[in-house]
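Report on the structure
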Amino acid sequence: MRRHTPDVERIWTVLDLVNWGTEYFERKGVDSPRLTIELMLCEVLNVRRLQLYTDHERPLSKEELVVLRSYVQRRAMHEPLQYILGKADFYGLSFVVGPQVLIPRPETEIIVDRAIRILREVGGSAQRCLDIGTGSGCIPISIAAHVSTCTWECVDVHPEALKIARNNAQTHGVEDRVTFIEMDILATLPSGPFDLITMNPPYIALVDVHDLEPEVRDHEPLTALTDDLDGLTFYRRFASVATQILSPTGTALLEIGYGQNTDVQALMVGGGLDCTIIEDLAGIPRVAKISRPSVTKW
Ligand code: GLN
């Protein structure tokens, strides 16, 4: 009979486990099966990936096997690897994550890239920035780590998310320039004006939630994924309050979902704002870049 997880009574070397885990995750339909077991082993043994191969005959202790077994069981139940390991890479930095926050996505790095470019172009000594729905804090922290002149106010409605974000800000040494505030942006507003506003809101329409992968649907915080309506709530809110929080020369970079570009653009134009859409590397409209129209000169 095939065992579901490695038997802790026999000797298992690193290589045995890489081979066993790869085959097991393949059978379970888990993405990147070999990488998954390798990253789990790195965490359990506290080594880098290369060391798995230079040290492939290393046997695991019983205690190490018990921990590895729990990781394997969790992943087989579709829990995302990042929650199991408690960390996720984003823009070259490692962020602590847990089920209280959305796992940072590579496509969100576009916002960081653009923001860094804009802040450097504009220059100046004190750029005031706002991040709405900050979650793990990956957007403002990555930007602040690259641009030393900006200060951030980051709002999120969930205090547990803010705890994680504060921890990440400290890890990356930007806690003196990044402040976290518990706030429901749909009901309250921070006092602007801000030179830069970023936001990756819950933009999945409620009707689309059941089509999400189980990793996302059953494990990530639903309030970070959907507004429980049509997915456009936060863009509507932004369009109606932008002139109160965005400086006349400021820019907002808002992540948008697949197929939302036309609706978001219409909302922004309806709110008297300029809006252009930036595509991601796959050519999918991904970020709405918004500014206030320049004052007409007579
Ligand atoms: N990009 C995420 C996903 O596709 C959704 C995150 C969000 O709603 N902001 O799962």
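These remarks concern the structure in this document. (Residues numbered from 1 in each chain as written. Predicted model: local features only at pLDDT ≥ 70, side-chain atom pairs only at ≥ 80, totals over all residues. Heavy atoms only, no water.)

1. A few points about the site of the ligand
Around the ligand, a shell composed of L102, R105, N200, P201, P202, Y203, I204, V216, A224, L225 and E255 is seen. One of the backbone nitrogen or oxygen atoms of P201 is found 2.6 Å away from a nitrogen atom of the ligand. Take L225: an N or O atom from its main chain is 3.3 Å from an oxygen atom of the ligand. Considering the ligand on its own, with 300 Å² of exposed area, one finds that the protein chains cover 87% of that surface. Here the shell around the ligand is composed, by residue class, of eight nonpolar, one polar and two charged. (Near = heavy atom within 4 Å. Polar contact = N/O pair within 3.5 Å; in protein donor to acceptor, adjacent residues only side chain to side chain. Areas by Shrake-Rupley, 256 points an atom, 1.4 Å probe, with all protein chains shown as cover. Nonpolar A, V, L, I, M, F, W, Y, C, P; charged D, E, K, R; others polar.)

2. Details of the packing of aromatic side chains
One pass over the full model with this rule turns up four aromatic pairs. Note on F90 and F95: the rings are 6.2 Å apart at their centroids and 70° apart in plane angle, and the pair reads as edge-to-face. In textbook terms, an aromatic cluster arises when at least three aromatic residues are bridged by ring pairs, as seen for W12, W20, Y24 and F25. Over the ring of W12 we find R10, and its NZ or CZ is 3.9 Å from the ring centre. (Phe/Tyr/Trp six-rings, centres within 6.5 Å; stacked < 30°, edge-to-face > 60°. Lys NZ or Arg CZ within 6 Å of the ring centre and 35° of its normal.)

3. Section: the pairing of strand β2 (residues 93-96)
The side-chain alternation of β2 yields one buried face, formed by L93 and F95, and one unburied face, formed by S94 and V96. Strand direction decides the pairing type here: strand β1 (residues 87-90) and β2, joined by four bridges, are antiparallel. Paired with D89 across the bridge in β2 is S94. In this structure, the hairpin formed by β1 and β2 is closed by a connection of two residues, where Y91 is found at a positive phi of approximately 50°. (Buried < 20%, exposed > 50% of the residue type's maximum accessible area, 1.4 Å probe, protein only. Helix = DSSP H or I, 4+ residues; strand = E, 2+ residues; numbered from the N terminus. Pairing = 2+ DSSP bridges.)

4. Describing the pairing of strand β3 (residues 127-132)
Burial analysis of β3 places five of its six residues in the buried class, which makes it a mostly covered element. In this sheet, strand β4 (residues 150-156) lies alongside β3 in parallel orientation, the contact comprising six bridges. Note on β4: the bridge partner recorded for L130 is E153. Following the backbone out of β3, through helix α7 (residues 138-146) and into the adjacent parallel β4, one traces a crossover that is right-handed. Two elements, β3 and strand β6 (residues 194-199), share four bridges in a ladder whose sense is parallel. By the bridge assignment for β6, I132 is matched with M199. (Right-handed = clockwise from strand over helix to strand, strands pointing away.)

5. Brief notes about the side chain of N168
On the secondary structure map, N168 appears in helix α8 (residues 159-171). Assessed through its relative accessible area of 0%, N168 is described here as buried. Setting aside chain neighbours within four positions, we find N168 in contact with F95, V96, S136 and I141. (Contact = heavy atoms within 4.5 Å.)

6. Observations concerning unusual backbone geometry
Across residues other than glycine, the phi torsion is negative in most instances, and most of the peptide bonds are trans. In this structure, P193 follows G192 across a cis peptide bond, with omega equal to 0°. Position of P193 relative to the elements: it lies in the loop between β5 (178-182) and β6. At Y91, a position not held by glycine, the phi torsion is positive, near 50°. Its location among the elements puts Y91 in the loop between β1 and β2. A relative accessible area of 21% places Y91 in the partly exposed class. Positive phi outside glycine occurs at D228, with the angle close to 65°. Residue position: D228 is located in the loop between α10 (222-225) and α11 (233-245).

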